[in-house]
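Close look at the chain arrangement
Listed here are the chains, written in short residue letters.
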Amino acid sequence: MTVNIGTSCQLLDVVAVSVFTWSFIRLAHLVRRHARTARLKGPPSNNLIFGFPEVLVTPDSAEIYEAWAVRYGPVYQVPSLLGTSRILLCDPKAIAHFYARDTTTYRLTPLAKFLTYMLVGRESLVTSHGDAHKRLRKSITPAFTVTVIRTHLPTFYDTVYKAKVAWDNILENSPDGATIEVQEWLSRISLDIIGIAGFSHDFASLSGKKSAVSTVLEDIANTEPSPAFVYISLLAQLFPALLRLPNPRTRLTHMLNKNMGMISQELLERTKKDNEKGASEGQKDNSITGLLIKAGSADSEFHMSEEETLAQMKVLLLAGYETTSISLTWALMELCRDQEAQTTLREELSQLHGDPTWDQVTNGLPYLDAVVHETLRLHAPITETTRIATEDDVVPLSDPVFTASSPHPVTHLSIPSGTIVSVPIASINRSTSFWGSDAKVFKPSRWIEEGGIPERAKEVQGHRHILTFSDGPRACIGKGFAVAVLKAVLSVLIRNFIFEFRGGPETKVGIAVGVFPRPKIKGEEGSRVPLHVKRVE
Ligand code: HEM
């Protein structure tokens, strides 16, 4: 087909007019919505086009959000693209109300939906809403009961022991210790655990097999977003399709989706075959893949299509693996900074004869529990929840606030349909007003001491008063699994090895921007975390 210049100009004109008209309609809609919202206090715009772009592009905006909450009150508005704004909720009652209505009144923003489609395809648990979400969630819930997670504990130990053996070999002739890049190892441990426990598949990454999924995730974390990409991702709030423009990050995202798709398809086929055999032998398959296959069968109440099944597998693989490995890395880094905490944990673990049993993992090791929850409090891998209101809502507040438009304090906030609302998870988890003057300090003892958790923090609903696993109908389905993995892996590593920063406890820590922000040692390439590791003799 040939296209002459005249035709291309007409085409461009049509595109330009369409984009302009569409933008105009959207702006008119936003202006109308603005008129119906009580104007909240908040920082002034510092950029005519983007509002306050810094807060969207810094990997850790927790302290900016906290400073604004102190200055403008626990609910405030932040300038956003083209004169629009976003509402931030830092009030516990408002947050509980918001999360309780997640998937119904509050839904994924067009940008988040678009990004998730790019990552895992359509029809997944994370992009579905209302009854469709309930149906998909119910289909995999049996894989996350305490009874099932408990059966995976030996798998968690078997996997971390593979790393222990490899590290023992590295350290065999180095009594004073050696440098080990732990982030990569912790990623391998997490991937192999989720593979075996969740999908009955051994990725064998601890045996040196390169995984197509982890390689792409590494590449994403090691590819600094270019200034052009940062600009595009800011504009993508209004025009998500801009993310389709060719750039290295988009290419890697497509590759991740493709690789996860190939693995999921392979696992699905294999499990189907195994199940046919197992069913004839009367076995029950409670693995994630087994449950999803059951949900896709003709006589199931869930009527899940093959596309939905594959999308769920990709979501679970990504959600379960990357978040857990990031949390493990943070735990080791905090224990390097606080050697006393590391010793206390080792002493607690050394009193056991062998690896903790399930009862010890869940109830019998208070300091291990405290280290894990203090890490999760300080370093939420998912730093905020952002949604769009799909209907008008009235949000109750714990404490009255002054708005910019009313001389009297208000006890409720009116949120018109179309408003973007965010909960700054990481900021609230380490905010001084919730957790006290030592909120930013890694202090596991706060989880054990009488009165260690301030009353204000106790007002926050969510797993142990932190928002790291979010809350409400979309709260993390894998939180019990994740906490058990963190405890099992740390118990083996800390009992057997001593970890130190090579540059001493004051070593600076930075953030690498992967699918989720990952910690790194400042000055190291990509997301590398080389630590000095010594065997416990
Ligand atoms: C430390 C580890 C983990 C953290 C911090 C974490 C955090 C979260 C958060 C904050 C959400 C809500 C996301 C949103 O609202 O947009 C979420 C959802 C989810 N998580 Fe986790 N997660 C972790 C581990 C896991 C594991 C191990 C699995 C599975 C094996 C898992 C599976 C999921 C799934 C499927 C969802 C979506 C739930 C839904 O939409 O109904 N997560 N997680």
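Worth saying up front: this structure is predicted, and the values here are computed from it rather than measured.

**Considering the packing of aromatic side chains**
Under the criterion given, the structure shown has 12 aromatic pairs. With a centroid separation of 4.9 Å and an interplanar angle of 80°, the aromatic rings of Phe52 and Trp68 are classed as edge-to-face. Here Phe52, found in the loop between helix H1 (5-36) and helix H2 (54-57), pairs with Trp68, found in helix H3 (residues 62-72); they are 16 residues apart in sequence, far enough to count as distant. Judged by relative accessible area, Trp68 falls into the buried class, the value being 9%. Each ring, one from Tyr65 and one from Trp68, has its centre 6.2 Å from the other, and the planes form 70°; the classification is edge-to-face. Taken as a pair, Tyr65 and Trp68 lie in helix H3 at a separation of three residues, close to a single helical turn. In textbook terms, an aromatic cluster arises when at least three aromatic residues are bridged by ring pairs, as seen for Phe52, Tyr65, Trp68 and Tyr76. The ring of Trp185 is capped by Arg188, whose NZ or CZ atom sits 4.6 Å from the centre of that ring. Lying across the ring of Trp435, Arg377 places its NZ or CZ 5.1 Å from the centre.

**Notes on unusual backbone geometry**
One non-glycine residue, Arg464, lies in the positive phi region at around 50°. In this structure, Arg464 sits in the loop between helix H19 (455-458) and helix H20 (479-496). Even without being glycine, His465 reaches a positive phi, approximately 65°. Within the secondary structure layout, His465 lies in the loop between H19 and H20. His465 gets classed as partly exposed once you look at its relative accessible area, which sits at 25%.

**Points about the pattern of salt bridges**
Following the criterion strictly, the structure yields 25 salt bridges and no others. Residue Glu66 is joined to Lys440 by a salt bridge in which the shortest nitrogen-to-oxygen separation is 2.8 Å. Taken together, the residues span a long stretch of sequence, with Glu66 in helix H3 and Lys440 in the loop between helix H18 (432-435) and H19 at a distance of 374 residues. Classification of Lys440 as partly exposed rests on a relative accessible area of 36%. With its nearest N and O atoms 3.9 Å apart, the salt bridge here joins Lys134 to Asp131. Of this pair, Lys134 and Asp131 both sit in helix H6 (residues 130-140), three residues apart, roughly one helical turn. A single burial state applies to Lys134 and to Asp131, both of which are exposed. Counted as one network, the salt bridges with shared partners bring together Glu374, Arg377, Asp438, Lys443 and Arg446.

**Quick word on the coordination of the iron atom of the ligand**
For the iron atom of the ligand, the sole protein-derived donor is Cys476 (SG), lying 2.3 Å away. The topology assignment puts Cys476 in the loop between H19 and H20.

**Digging into the UniProt feature "binding site: heme" (unreviewed entry) in the protein chain**
Taking the numbering used here, the UniProt-annotated feature "binding site: heme" (unreviewed entry) corresponds to Cys476. A residue is classified by how much of its surface remains accessible, and Cys476, at 33% relative accessible area, is partly exposed. The residues contacting Cys476, other than those within four sequence positions of it, are Arg137 and Phe469.

**So, the sheet that holds strand S2 (residues 85-89)**
Overall, mixed pairing links the five strands, which are arranged S1-S2-S8-S5-S3 in an open sheet. Taken across any chain shown, the strands that pair with only one partner, and hence form the sheet edges, are strand S1 (75-79) and strand S3 (106-108). Ignoring strand direction, the axes of neighbouring strands in this sheet form an average angle of 40°. As paired elements, S1 and S2 share five bridges and run antiparallel to each other. When the bridges of S2 are listed, Tyr76 appears paired with Leu88. Along the sheet face, helix H4 (residues 92-100) touches S2, S3, strand S5 (385-389) and strand S8 (420-423) and points at about 115° away from the line of S8.

**Examining the sheet that holds strand S12 (residues 530-535)**
Strand order in the open sheet formed by three strands is S4-S12-S9, and the pairing between neighbours is antiparallel. The open sheet terminates on both sides in strands that have one partner only, identified here as strand S4 (178-181) and strand S9 (497-501). For this sheet the average axis-to-axis angle between neighbouring strands, irrespective of direction, equals 40°. The sheet contact formed by S9 and S12 spans five bridges and is antiparallel. Residue pairing across strands places Phe499 opposite Val533, the latter belonging to S12. Across the sheet, H20 lies against S9 and S12, angled at about 85° from S9, the strand it touches most.

Reading the values: the criteria
Positions within a chain are numbered from 1, following the residues in the order the chain's sequence is written. For a predicted model such as this one, the threshold for reporting local features is a pLDDT of at least 70, and the threshold for listing and counting side-chain atom pairs is 80 or more; totals across whole chains, interfaces and linings nevertheless cover every residue. Note that the side-chain values use all heavy atoms of the structure and ignore hydrogens as well as water. Only rings of Phe, Tyr and Trp enter the pairing, Trp through its six-membered ring, and a pair is recorded when the two centres are within 6.5 Å. The plane angle decides the type: under 30 degrees is stacked, over 60 is edge-to-face, the rest tilted. Secondary structure elements are taken from DSSP: a helix is a run of H or I of four residues or more, a strand is a run of E of two residues or more, and numbering for both begins at the N terminus. Accessible area is worked out with a 1.4 Å probe on protein chains only. A residue is then buried under 20% of its type maximum, exposed over 50%, and partly exposed in between. Placement of a positive charge over a ring is assigned whenever Lys NZ or Arg CZ falls within 6 Å of the ring centre and within 35 degrees of the normal to the ring plane. Every case where a carboxyl oxygen of Asp or Glu lies within 4 Å of a side-chain nitrogen of Lys or Arg is listed as a salt bridge. Only N, O and S atoms count as donors, using a 2.8 Å cut-off from the metal and 3.2 Å for Na, K and Ca, and because water is excluded some sites may appear unfinished. UniProt positions are given in the numbering used here, feature names are shortened, and annotations may be inferred rather than shown by experiment. Two residues form a contact once any of their heavy atoms are found within 4.5 Å. Pairs of strands are assigned from DSSP output, requiring at least two bridges between the strands. Each axis is a line fitted through C-alpha atoms, and for a helix only the stretch in contact is used; angles between axes span 0 to 180 degrees, taken between their N-to-C directions.

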